[in-house]
Structure formats: C-alpha cells, structure tokens
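For reference, the chains in residue letters:
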Amino acid sequence: MTKSVTTTKEAVAREDDKNENSKHLLDKDWGARIPEYVSKGCVSTAVFIMGITMRGDWLLFLAHYWRSQEDFVPNPKVSSSKNNTELADWMEERFQGFWPTYFLAATAVSYLFFFGIGGYLHLTYYVGKKDSPHEWKCQPNKWLSSKEEIHEIIVGWFSLTIGSALSAALATWVMNGGYTSIYYDFGKHGLLWSLLELPIVFVTTDYVTYWLHRIYHMPFLYKHFHKLHHTYKQPTAFSVTAIHPVEFLNIQCVYIAPMFLMPIYAPLYCGYLMYIYYHGIIDHSGIAFKRLWFQPWQPDCIFHDNHHQYFHVNFGFNVELWDEIHGTARQKDRIYREDIFWGKGKEVANATRDELEADIGERKDENPLAYDSNKNKYL
C-alpha cells in the first residue's frame, strides 16, 4: 500500500514537472513587442541599400546590365571638332553622357540614401535608443560631440560626391564601349574559373586593402591623411566615407581594379562590391552587430570599432586572419594609443601606472555584448 501511494505521488510530481516545463516553454509572449528579427532585418536591408547607392555604384551595375544585353550597341561616336586633339576626341567619345545625365543621377541617389538611411540609423539608435546604449552600442559610455557629428557628415558628403563622380565616369565608360575584363555569359572561362574567381578577387583585394590601410598608419601618412578618419573615435555610419580624398581614391582603385585586370562575371562582381560596402557601413556603425553563422572569416563590428578606439591595431576589413598572421590583432597583454605606431602596441609589463589606468578605463568603456559569448575578452 505504501509503495502504491509513493508511486502515485511520484507520478503526480512528474506530471507537475511536465506541466511546469510546458508553461516555461509557453511563457514567451510574442505579442508583447515586435520580434527582434524584424527590426534587425529592416536595419540590414536599409544598410544594404545605403551601401550600393552611396557611391553611385547602382549606376555602374545598371550600365553593366545594359551592356550585357545581346542588342547592346555603344553610343554613336561624337562628331570630332577640328580644334580638338585626338585625346580630347577619345575622351569625349568614351565619356559621352557623363555630364549632366550620369553625374547628376549618381549624386542625387547617393545623397538621398546617404542622408536618408544614415539618418534612419542615427534616429533609430543614437536618438531613439540613447537611454539604453549598453544594449546596442560598442562604446556605450562615449559619444561623438555634435561638432564631430557635423564634421563627419560634411567630410563624408564630400568623399561621397567624389565616389559618385567616379562611378558615373565608369558607367559612361562601360556604356560607351570602353574596355573592361568583365564578362556577361556565366561559365565563359570554364567551370573551374567560375568557382575560383570570387575567392580570388575577395581574398586578393582584402589583403591589398589590409596593407594599404596599414601603410596609411605609418607616422607621416597617418598625420597628413588618415588621421582625419580617426577624428571619430566612436564611429557612426556616416564615418564610412569620412576620409581624406586621396586615401578614398586609393581604396576605390583597389575595388575597381578587378573590372580591368581579370575576367570576372558581372553579377558576381556587383555582388562582391555590395558585400564590401555593406560591411563597410556595418563596421563603422558603432552598433554591436555580429557576423552571421556562414561568415567565419568576417570579424564582428567591435573589431573595427576597436581600431577606432585604439588607433594602430586591427587593420583588416573583411578578413580578421591578416591581423592574426602579421601580429597586428589586438592582444590582451598590450596597450594601444594614438602615439604608439606599427600595430604591435606596448607591453603591459613596460607601461607606467598612469598608462595602465588609462588603458583599463578604455577597456571598461567597451560593451561586453559586442563580443562572442557576451563577454569582454580583454578584461
């Protein structure tokens, strides 16, 4: 009898546990607020649109599409003037339509989305969520001043105009039959090349930009060119184009080079540029975005945010491996400042007490939620 009662009690207890577990599984109220994936999806879409429009690249993509059509015919030759040189005639022929059609179209759309989507991100996070920065901001205790925000928008707008003019020029070049190594028939160079061309162009350009970026951190070039970009120690989406025009054009040349130097499938090349520009905005947003499961090579947003906070470290853009290989990835036992060049930092053991205190303060200003496992690995 006792055994029967005990068995009954155990059965009741198991049933109660099962009911409790069921309640636990159902205690999430999906109707309490809009699901987080919706807001994240909207932000990602907005950033993607901003990425392909802010330099006028949408016009270049469109030009490649028009050229890919079988009935594509280059614009007719411009009638030569007897006062023009042969070079002038060639330039006029190749860039016919640049002004005003292509240039104004490129800049108008660039301005619209740069200020529109950049403004959307700013309002959504830096205004709408200003009271809860520890939930989303890479450096929740530090903010750009209003003066710095205006500064980065103006500098970014100027580089944006240069980028739009460059894209408009490339679009007219493509539309007027100018040389390009881009091809429009998938598999034209064989299946093996079709499989290899994206990894080759992605790895090569990212490695080149790693070294270009690192070179711009050499004392002379940093002082006269790249320091402008590091005015923004807490970057925002507007910071992505807020760089010196000389450096901006250097970087753009790296990304443009494949369309002249190697055979690459047009949709693949356009997709590659979209990816590069998308992550350029994400990495400068100051928001604790993390790489997705299918991007093991891509560093989290905090990686480049660390670069702005600590200056001469973490030089890579889309592949963290370059910094690991060359010893320029941030280390826990090193301190980094604007006056400590070459990407190696200074050993904690050789730091003064004041240096250590300042460095600890910087580390505590980082948001642990921006790191893997939501833990600041440098503390």
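Before going into details, it helps to say that this report is about the structure given with it. Here the structure is a predicted model, which is why all the values come from computation and not from measurement. (Residues numbered from 1 in each chain as written. Predicted model: local features only at pLDDT ≥ 70, side-chain atom pairs only at ≥ 80, totals over all residues. Heavy atoms only, no water.)

## Some words on unusual backbone geometry
Moving on, step 1. With an omega of 0°, the peptide bond between W99 and P100 qualifies as cis.
Moving on, step 2. Relative to the elements of secondary structure, P100 occurs in helix 5 (residues 98–127).
Moving on, step 3. One non-glycine residue, N374, lies in positive phi territory at about 55°.
Moving on, step 4. Relative to the assigned elements, N374 resides in the segment after helix 14 (353–364). (Helix = DSSP H or I, 4+ residues; strand = E, 2+ residues; numbered from the N terminus.)

## Here we look at the packing of aromatic side chains
Moving on, step 1. Counted by the stated rule, this structure contains 27 aromatic pairs.
Moving on, step 2. Where F202 meets Y275, the ring centres are 5.8 Å apart and the plane angle is 75°; that geometry is what we call edge-to-face. In this pair, F202 is assigned in helix 7 (residues 191–215) and Y275 in helix 11 (residues 266–284), connecting sequence segments 73 residues apart.
Moving on, step 3. Residue class for F202 comes out buried when judged on its relative accessible area of 13%.
Moving on, step 4. Ring pairing ties together the aromatic residues Y207, Y210, W211, F315 and W322, which thus form one cluster.
Moving on, step 5. When the ring centre of W143 is taken as reference, the NZ or CZ atom of K130 above it lies at 5.6 Å.
Moving on, step 6. Over the face of the ring belonging to W143 we find K137, whose NZ or CZ atom lies 4.7 Å from the ring centre. (Phe/Tyr/Trp six-rings, centres within 6.5 Å; stacked < 30°, edge-to-face > 60°. Buried < 20%, exposed > 50% of the residue type's maximum accessible area, 1.4 Å probe, protein only. Lys NZ or Arg CZ within 6 Å of the ring centre and 35° of its normal.)

## A closer look at the side chain of T209
Moving on, step 1. Here T209 shows up in helix 7.
Moving on, step 2. Engagement of the side chain of T209 in a polar contact is seen with the backbone oxygen of D206, the distance being 2.8 Å.
Moving on, step 3. If near-sequence neighbours (up to four positions away) are discounted, T209 is found in contact with V254, Y255 and F317. (Polar contact = N/O pair within 3.5 Å; in protein donor to acceptor, adjacent residues only side chain to side chain. Contact = heavy atoms within 4.5 Å.)

## With respect to the packing of helix 6 (residues 146–175) against helix 9 (residues 245–256)
Moving on, step 1. The interhelical angle for the contact between helix 6 and helix 9, taken along N-to-C directions, is 35°, at an axis separation of 10 Å. In the crossing of helix 6 with helix 9, the sense of the turn from one axis to the other is right-handed. In this structure, helix 6 contributes F158, S159, I162, G163, L166 and L170 to the contact, and helix 9 contributes P245, F248, L249, Q252 and I256.
Moving on, step 2. Partitioning the contact of helix 6 with helix 9 into residue classes produces 8 nonpolar, 3 polar and no charged. (Axes fitted to C-alpha atoms, helices over the stretch in contact; angles between N-to-C directions. Left-handed = near helix turned anticlockwise from the far one by under 90°. Nonpolar A, V, L, I, M, F, W, Y, C, P; charged D, E, K, R; others polar.)

## Brief notes about the packing of helix 3 (residues 57–68) against helix 6
For any two helices packed against each other, one specifies the inter-axial angle together with the distance between the axes.
Moving on, step 1. The contact between helix 3 and helix 6 brings their axes to 8 Å, and the two run at 5°. On the basis of the axis angle, helix 3 is roughly parallel to helix 6. Contacts from D57, L59, L60, A63, H64, W66 and R67 of helix 3 reach helix 6 at S167, A168, L170, A171, W173, V174 and M175. (Parallel < 35°, antiparallel > 145°, perpendicular 65-115°, else oblique.)

## Topic: helix 9
Moving on, step 1. The terminal C-alpha atoms of helix 9 lie 16 Å apart, and with 12 residues this matches the ideal 16 Å at 1.5 Å per residue to within 8%.
Moving on, step 2. For helix 9, every residue scored as buried is listed here: E247, F248, I251, Q252, V254, Y255 and I256.
Moving on, step 3. Summarising the contacts, the buried residues of helix 9 are in contact with helix 6, helix 7, helix 10 (258–261) and helix 11. (Expected span 1.5 Å × (residues − 1).)

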